[in-house]
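Letter by letter, the chains look like this.
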Amino acid sequence: MAIEERIFIAGAGPVGLAAAACLVRRGIPVTVFEAADNLSKESRASTFHPSTLDMLDDLGVADELIATGLVAPRLQYRSRRDGVIAAFDFAGIADATRHPYRLQSEQHNLTRIIDARLRGNPNYRIEFGKRVCGARQDADGVAVTLAAPDGTTEERRARWLIGADGARSEVRKAFDIEFEGFTWPERFLVVGTPFDFYATIPGLDAVSYVADPVQWHFYLQIPGMWRMMFPIAPDVSDETATSRDFARATLVTVLPGARDGDIVHVTLYRVHQRVAKNFRAGRVFLAGDAAHINNPLGGMGMNGGIHDAVNLTERLARVWHGEAGDEEFDRYDKQRRLVTLEYVQKHSIQNKRNLETNDPAEQARFRDELIDQAGRDNDGIGRPGGRGIFGGA
């Protein structure tokens, strides 16, 4: 089989297309295979961290993305019992980033911006209706099996393959890479509402976490609406949890008198904490949800995936252009897997436990930690970032 002098990418989500943009920028031909017939418009990740915006700025797409979203310069923590515990202003890290804020914008805005920017570049191809359903490799390249909607398959071959095909990655499965971790017993319910919470909750920020041992919740403002996140007990069926009646009853706990008209959408997520045993298998690499998944508190999933893409493609470019040898790829595996285990997994798990704990000692520890961190600045507003603080740079 003839080998295409390209890098194949499975998946046209934000991680796959960020990887494509990085490689094309370095003059490397790529082909992106996407199982769907177009770019996804699903409502999924919607938070871009400062460091991620810096990376996207380097690709020339940050300004256009920022224009689609809502700039959130602060985040805060509350408890249902005590009200506001601490607030953090991203201006405190203005010396470390060109974008001292979180941007709230749907991930599909980024994929459309990148795709439009790359269209017409001879080094960029995207093929829809092509699901990577298998792969194998030898010393010279990787062969992928592509399935079309009508059930037919074809095999294509390239130099390297990036699996950015999500949590159920066919690329990961093709190379028998274990996906170690666990699934939380509860699920997360996201209710979208246009209600103006600023009018009823004094001092609320666009990103606000509320700790409560009975029902923690999370306010996240995006253009045109708020996303409210709640934990759902294991004994509530998926059918019940996604019904309008249940969503309204849940929303009433933070918005008394909520009506059906206050609900724009309802989404239920099963929540996992898993990390692939390795992010590299020869000429094959995993990135984003294919490599790691975590609960969404702190917005570290998509952001971590984009960081994977940037780290990996810098190494691929050096090897492609003869500036480094294959040992460069081992550094991707070691660096990004270590960051995932020691930061993303550790802190996303702790974030959830901090919000839900019913242990008075743990509640006091979390409250004191937040107050201590917020008090480090003279104005009482802390730097987002260290020690597990959500949404840091």
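Structure shown above.
Summary of the structure given here. (Residues numbered from 1 in each chain as written. Predicted model: local features only at pLDDT ≥ 70, side-chain atom pairs only at ≥ 80, totals over all residues. Heavy atoms only, no water.)

### Overview of the pairing of strand β6 (residues 83-89)
Where strand β5 (residues 74-79) lies against β6, six bridges are found, and the strand directions are antiparallel. Opposite Tyr77, over in β6, you have Ala86 as the bridge partner. Between the antiparallel neighbours β5 and β6 lie three residues. (Pairing = 2+ DSSP bridges. Helix = DSSP H or I, 4+ residues; strand = E, 2+ residues; numbered from the N terminus.)

### A look at the environment of Ile162
Residue placement: Ile162 occurs in strand β11 (residues 153-163). Spatially, the C-alpha atom of Ile162 lies 8.5 Å from that of Ala19, the residues being 143 residues apart in sequence. If we ignore the near neighbours within four places in the chain, the residues touching Ile162 are Ile7, Phe8, Ile9, Ala10, Ala19, Leu23, Phe285, Ala287, Leu312 and Leu316. (Contact = heavy atoms within 4.5 Å.)

### Here we look at helix α7 (residues 244-252)
Three or more residues of α7 are buried, namely Ala247, Thr250 and Leu251. For α7, the buried positions fall inside an angular range of 100 degrees around the axis, keeping them on one side. Where α7 is buried, its residues touch β12 (179-193), β15 (225-232) and β16 (265-276). (Buried < 20%, exposed > 50% of the residue type's maximum accessible area, 1.4 Å probe, protein only. Arc of directions from axis to C-beta.)

### Some points on the sheet that holds β6
Sheet strands associate in pairs through backbone hydrogen bonding, adopting either a parallel or an antiparallel arrangement. With mixed pairing, the eight strands of this open sheet are ordered in space as β6-β5-β13-β14-β15-β12-β16-β19. What marks the edges here is a single partner per strand, and that holds for β6 and β19 (292-293). Two elements, strand β14 (residues 217-222) and β15, share five bridges in a ladder whose sense is antiparallel. By the bridge assignment for β15, Ile222 is matched with Met225. Along the sheet face, α7 touches β12, β15 and β16 and points at about 85 degrees away from the line of β12. (Axes fitted to C-alpha atoms, helices over the stretch in contact; angles between N-to-C directions.)

### Side note on the pattern of salt bridges
A complete count under the given rule lists 35 salt bridges for this structure. The partner of Glu42 in a salt bridge is Arg44, with the nearest N and O atoms 3.5 Å apart. A residue is classified by how much of its surface remains accessible, and Glu42, at 47% relative accessible area, is partly exposed. Two residues, Glu127 and Arg156, come together in a salt bridge whose shortest N-O distance is 2.9 Å. Here Arg156 lies in strand β11 and Glu127 lies in strand β8 (residues 124-128), a separation of 29 residues in the sequence. Pair check on accessibility: Glu127 and Arg156 agree, each one buried. (Salt bridge = Lys/Arg side-chain N within 4 Å of Asp/Glu carboxyl O.)

### A closer look at the sheet that holds strand β3 (residues 47-48)
Strand order in the open sheet made by the three strands is β3-β7-β4, with antiparallel pairing throughout. Only two strands of the sheet have a single partner each, and these edge strands are β3 and β4 (70-72). Looking at chain direction, β3 and strand β7 (residues 102-104) are connected through two bridges and run antiparallel. Opposite Phe48, over in β7, you have Leu103 as the bridge partner.

### Notes on the side chain of Gln273
For Gln273, the location among the structural elements is in strand β16. Of note is the side chain of Gln273, whose polar atom sits 2.8 Å from the side chain of Asn295. For Gln273, the side chain forms a polar contact with the side chain of Ser348, separated by 3.3 Å. Setting aside anything within four residues of it in sequence, one finds Gln273 in contact with Glu180, Gly181, Phe182, Trp184, Ile293, Asn294, Asn295, Gln345, Ser348 and Ile349. (Polar contact = N/O pair within 3.5 Å; in protein donor to acceptor, adjacent residues only side chain to side chain.)

### Focus: the nonpolar core
Counting residues in hydrophobic clusters, the biggest one holds 70 residues, and the most contacted among them are Phe48, Tyr124, Val144, Ile162 and Leu316. Here the element with the most residues in this core is helix α1 (residues 14-25); it accounts for nine residues. Setting aside residues no more than four positions away along its own chain, Val144 makes contact with Phe8, Phe33, Val132, Gly134, Ala135, Glu154, Glu155, Arg156 and Leu161. Grouped together as the second largest cluster of nonpolar side chains are 27 residues, Leu75, Trp216, Phe366 and Leu370 included. (Core = buried A, V, L, I, M, F, W, Y, C linked by side-chain atoms within 4.5 Å.)

### A few points about the packing of aromatic side chains
Applying the stated criterion to the full structure yields 17 aromatic pairs. Plain terms: the ring middles of Tyr77 and Tyr209 are 5.7 Å apart, the flat faces sit at 20 degrees to each other, and that makes the pair stacked. With a gap of 132 residues between them, Tyr77 in strand β5 and Tyr209 in strand β13 (residues 207-211) connect regions that are remote in the sequence. Since its relative accessible area comes to 0%, Tyr77 is described here as buried. Pairing Tyr77 with Phe366 gives two aromatic rings, centres 6.2 Å apart and planes at 85 degrees, and the pair type is edge-to-face. Separated by 289 residues along the polypeptide, Tyr77 in strand β5 and Phe366 in helix α10 (residues 360-374) bring together distant segments of the chain. (Phe/Tyr/Trp six-rings, centres within 6.5 Å; stacked < 30°, edge-to-face > 60°.)

Geometry only, nothing functional implied.
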